Amino acid sequence: MVAIVSGDSKNPALALDIAETWDRVRHRLRAEVGDAAFDSWLKPLDLASVRDGRVMLTLPTRFMRDWVMSHYFEKIGALWQSECGETAAVEIHVVPGGAPVRGPAAEADSGSKSRLPAPAGIGRAEEEAGASLDLRFTFANFVVGKANELAYAAARRVAESPTVPFNPLYLYGGVGLGKTHLMHAIAWHIRERDPDRKVLYLSAEKFMYQFISALRYKDVMQFKHLFRSVDVLMVDDVQFISGKESTQEEFFHTFNALVDQNRQVVISGDRSPSNLDGVEERMRSRLGWGLVADIHATDYELRVGILQSKVQGLGTAEVPDQVLEFLAHRITSNVRELEGGLNRVLAYANLVGRPINLETTQEVLRDLLRANDRRITIEDIQKRVAEHYNIRLAEMQSPRRARAVARPRQVAMYLSKQLTPRSLPEIGRKFGGRDHTTVMHAVRRIDELCQADTNLAEDIDLLKRMLET
Ligand code: ADP
Ligand code: MG
């Protein structure tokens with residue numbers, strides 16, 4: 001919709017001309033960027049005026065303006081120029097009040113850092129809206145390694161910076177890798193340093209629950225105000241809103257309102273923004289607009305570090321390094337399970353009065369370890385072994401019996417028996433359809449050789465460790 005066309009207000013024909021040009025530009029923009037992107041970002045563009053070759057466009061929020069400037073600015077200029085044949089300087093200004101950010105807090109606060117006075121009872125409401133923070137989840141208790149250094153640095157920056165360094169901060173990674181820990185750490189840090197800043201942390205699920213009860217009790221205004229009056233909003237496990245349309249819609253508006261007022265937003269998810277299936281495209285693109293930091297699977301050193309820090313924190317029993325190393329080798333899936341394993345060993349040793357050693361650990365964790373082992377596949381083993389002995393992967397299945405390939409093949413069979421729950425016939429099939437007796441023979445042979453040949457024993461030890469981490 002054209003708001004004001006003041007190319008020359010005394011010349012209606014010219015004004016019409018400009019309106020038509022703008023219409024054609026918009027059509028071509030839609031054709032070029034697609035309906036979804038157009039509807040989210042370019043449809044709200046209004047033409048305010050054209051004067052002396054300067055095309056003034058408006059958008060309702062600074063957030064949208066920044067986005068359009070960084071993604072579509074040149075395209076708009078080029079299209080305008082090709083439509084009217086004259087060089088045009090395009091400018092985009094923020095004029096609040098238009099779509100899509102509506103709501104009492106958003107409009108009243110637009111562009112300023114001040115807040116509406118809180119209605120009575122808002123302190124409590126806010127407390128209820130958020131989720132409580134785990135005392136252990138602080139920066140001091142977070143062990144940094146390669147896998148999480150970016151996420152950690154970004155979280156610290158957000159927590160320490162008096163301004164908003166990037167918006168939103170989007171943290172993602174698999175289960176139990178420290179996303180929630182980092183978010184709580186941000187909240188603790190800000191609360192301690194700057195108790196006046198309002199920090200609200202909650203899960204996406206709780207956000208939805210709050211929203212639905214607001215709808216039910218006709219409290220939507222209160223809900224909107226509450227969520228839009230915080231300085232820092234942190235929403236954990238955002239993948240939860242996938243497929244939940246009205247919650248997404250409300251979340252989108254809340255998000256826009258906050259970002260637009262330069263309030264910090266921190267989001268976590270189990271996958272990257274672009275992979276959030278069931279979440280609208282405009283939401284996905286917004287989530288990826290600030291800093292996206294992924295947390296990778298932990299490596300062995302990080303796991304040992306985390307265990308050591310846990311043990312120090314407990315300050316109770318002496319735990320031999322051997323036990324920590326064993327746990328770090330064998331529990332590789334996620335940090336939560338790793339901690340769980342350690343806790344189980346400590347609790348067991350304490351309850352039944354056993355020493356904390358490797359034997360106790362293996363005994364207590366038998367089922368947990370088996371679950372972890374199951375994740376190693378015969379294919380992984382074949383690949384590793386072939387690499388290690390520098391032979392082609394195809395030799396694992398080939399009928400060739402030359403020593404140079406037969407021995408590595410036996411090693412791979414041996415490891416398959418040890419590290420996977422597969423039966424002898426199953427293993428045989430994966431090695432070019434060999435008989436189960438061949439596999440059995442290989443397992444025995446390698447066992448025997450290991451007794452006498454320390455080089456081989458070390459090789460196998462190394463391969464095991466590589467496969468298990
Ligand atoms: P996520 O939210 O990613 O599923 P959490 O933040 O709940 O994972 O982490 C699971 C457990 O692992 C928590 O007890 C947390 O303290 C711990 N943890 C994860 N990463 C680390 C780390 N780098 N240092 C210390 N503890 C960690
Ligand atoms: Mg979590």
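Coordinates for the structure precede this section.
Since the structure is predicted, the reported quantities are computational estimates derived from the model, not experimental observations. (Residues numbered from 1 in each chain as written. Chains lettered and ligands numbered in written order. Predicted model: local features only at pLDDT ≥ 70, side-chain atom pairs only at ≥ 80, totals over all residues. Heavy atoms only, no water.)

**Thoughts on the sheet that holds strand β6 (residues 232-236)**
The condition that has to hold: Criterion used throughout: strands pair if DSSP finds at least two bridges between them. Under the scheme used here, helices are H or I runs from DSSP no shorter than 4 residues and strands are E runs no shorter than 2 residues, and both carry numbers assigned from the N terminus. Axis definition: a line fit to C-alpha positions, over the contact stretch in the case of helices; interaxial angles, taken between N-to-C directions, run 0 to 180 degrees. Throughout, a residue-residue contact means that at least one pair of heavy atoms, one from each residue, lies within 4.5 Å.
Within the open sheet, the five strands sit side by side as β5-β6-β7-β4-β8. Their pairing is parallel. Each edge of the sheet is formed by a strand with only one pairing partner; in this case those strands are β5 (199-203) and β8 (291-295). Going across the sheet, the axis of each strand differs from the next one's by a mean of 15°, ignoring polarity. In the sheet, β5 pairs with β6 via five bridges, with the strands oriented parallel. Each residue of the ladder has a partner; that of Leu 200, found in β6, is Leu 233. Strand contacts of helix α7 (residues 179-193): β4 (169-173), β5, β6, β7 (264-269) and β8, with the helix running at about 160° to β6, the strand carrying the most contacts.

**A word on the sheet that holds strand β1 (residues 46-51)**
Spatially, the three strands line up as an open sheet ordered β1-β2-β3, and their pairing is mixed. At either end of the open sheet lies a strand with only one pairing partner, and these are β1 and β3 (89-94). Averaged over all pairs of adjacent strands, the angle between strand axes in this sheet comes to 25°, irrespective of strand direction.

**Quick look at the site of ligand 1**
Just so we agree on the cut-off: Being near a molecule or strand, for a residue, means having at least one of its heavy atoms within 4 Å of it. The definition of a polar contact used here is a pair of N or O atoms within 3.5 Å, where within protein one atom must be able to donate a hydrogen and the other to accept one, and adjacent residues in sequence count solely through side-chain atom pairs. Only the protein chains shown count as cover for residues, and the accessible areas themselves come from Shrake-Rupley with a 1.4 Å probe. Buriedness of a pocket was judged along seven lines, with at least five required to meet protein on both sides within 12 Å; pockets are open sets of points on a 1 Å grid over the protein atoms alone, cavities are sets where a 1.4 Å probe fits but cannot get out, and lining residues have an atom within 4 Å of a point. Whether a molecule sits in a cavity or pocket is decided by its atoms, more than half of which must lie within 2 Å of the grid points.
For ligand 1, the set of nearby residues contains 17 residues, the closest of which are Val 143, Gly 176, Thr 180, His 181 and Glu 339. The separation between a nitrogen atom of ligand 1 and a polar side-chain atom of Asn 148 is 3.3 Å. Interatomic distance of 3.2 Å between a backbone N/O atom of Leu 177 and an oxygen atom of ligand 1. In isolation ligand 1 exposes 560 Å². Once the protein is present, 93% of that is buried. Among the detected pockets, ligand 1 sits in the largest pocket.

**Topic: the layout of surface pockets**
Here is the rule we go by: Grid points are joined across faces, edges and corners, and a volume is the space filled by probe spheres set on the points. Any residue outside Ala, Val, Leu, Ile, Met, Phe, Trp, Tyr, Cys, Pro, Asp, Glu, Lys and Arg is labelled polar, Gly included; the first ten of those are nonpolar and the last four are charged.
Of the volumes computed, that of the largest pocket is approximately 740 Å³. Along the wall of the largest pocket there are 30 residues; nearest its centre are Phe 137, Gly 178, His 181, Val 335 and Glu 339. Of all the secondary structure elements, the ones that give two or more residues to the lining of the largest pocket are α7, α12 (300-314) and α14 (335-352). With six residues, the top contributor of residues to the lining of the largest pocket is α12. Of the residues in the lining of the largest pocket, the class split is eleven nonpolar, eleven polar and eight charged.

**So, the environment of Glu 249**
To keep things clear, this is the line we draw: Relative accessibility thresholds used throughout: buried, under 20% of the residue-type maximum; exposed, over 50%; partly exposed, between the two (1.4 Å probe, protein chains only).
Along the chain, Glu 249 turns up in helix α10 (residues 245-260). With a relative accessible area of 34%, Glu 249 lands in the partly exposed category. The sequence separation of Glu 249 and Val 279 amounts to 30 residues, and the corresponding C-alpha distance is 9.9 Å. Look past the residues within four positions of Glu 249 in its chain and what remains in contact with it is Glu 280 and Arg 282.

**Details of the pattern of salt bridges**
Between side chains of opposite charge, pairing is possible as soon as their charged atoms come close. Short version of the rule: Here, a salt bridge means any Lys or Arg side-chain nitrogen found within 4 Å of an Asp or Glu carboxyl oxygen.
Under the counting rule described, the total for this entry stands at 20 salt bridges. Between Arg 392 and Glu 395 there is a salt bridge; the shortest N-O distance is 3.6 Å. With relative accessibility at 56%, the residue Arg 392 sits in the exposed group. When salt bridges that share partners are traced, they join Arg 24, Arg 28 and Glu 83 into one network.

**Some points on the side chain of Asp 231**
Along the chain, Asp 231 turns up in the loop between α9 (220-228) and β6. Asp 231 sits in the buried class, given a relative accessible area of 5%. One polar contact links the side chain of Asp 231 to the main-chain amide nitrogen of Lys 198, over a distance of 2.7 Å.

**Quick word on the nonpolar core**
If you look at soluble globular proteins, the nonpolar side chains tend to sit buried side by side. As a reminder of what qualifies: To qualify as a nonpolar core, a set must consist of buried Ala, Val, Leu, Ile, Met, Phe, Trp, Tyr and Cys residues joined through side-chain atoms within 4.5 Å.
With 28 residues, the main nonpolar core has Phe 227, Leu 233, Phe 251 and Ile 267 as its most contacted residues. Residue assignment for this core shows that the elements contributing at least two residues are β4, β5, α8 (204-216), α9, β6, α10, β7 and α11 (281-287). The element that contributes the greatest number of residues to this core is α10, accounting for five residues. Those residues in contact with Phe 251 that lie beyond four places of it in its chain are Phe 207, Val 235, Val 238, Ile 241, Ile 267 and Met 283. In this structure, Ile 391, Val 411, Met 413 and Leu 424 belong to the second largest nonpolar core, which totals 27 residues.

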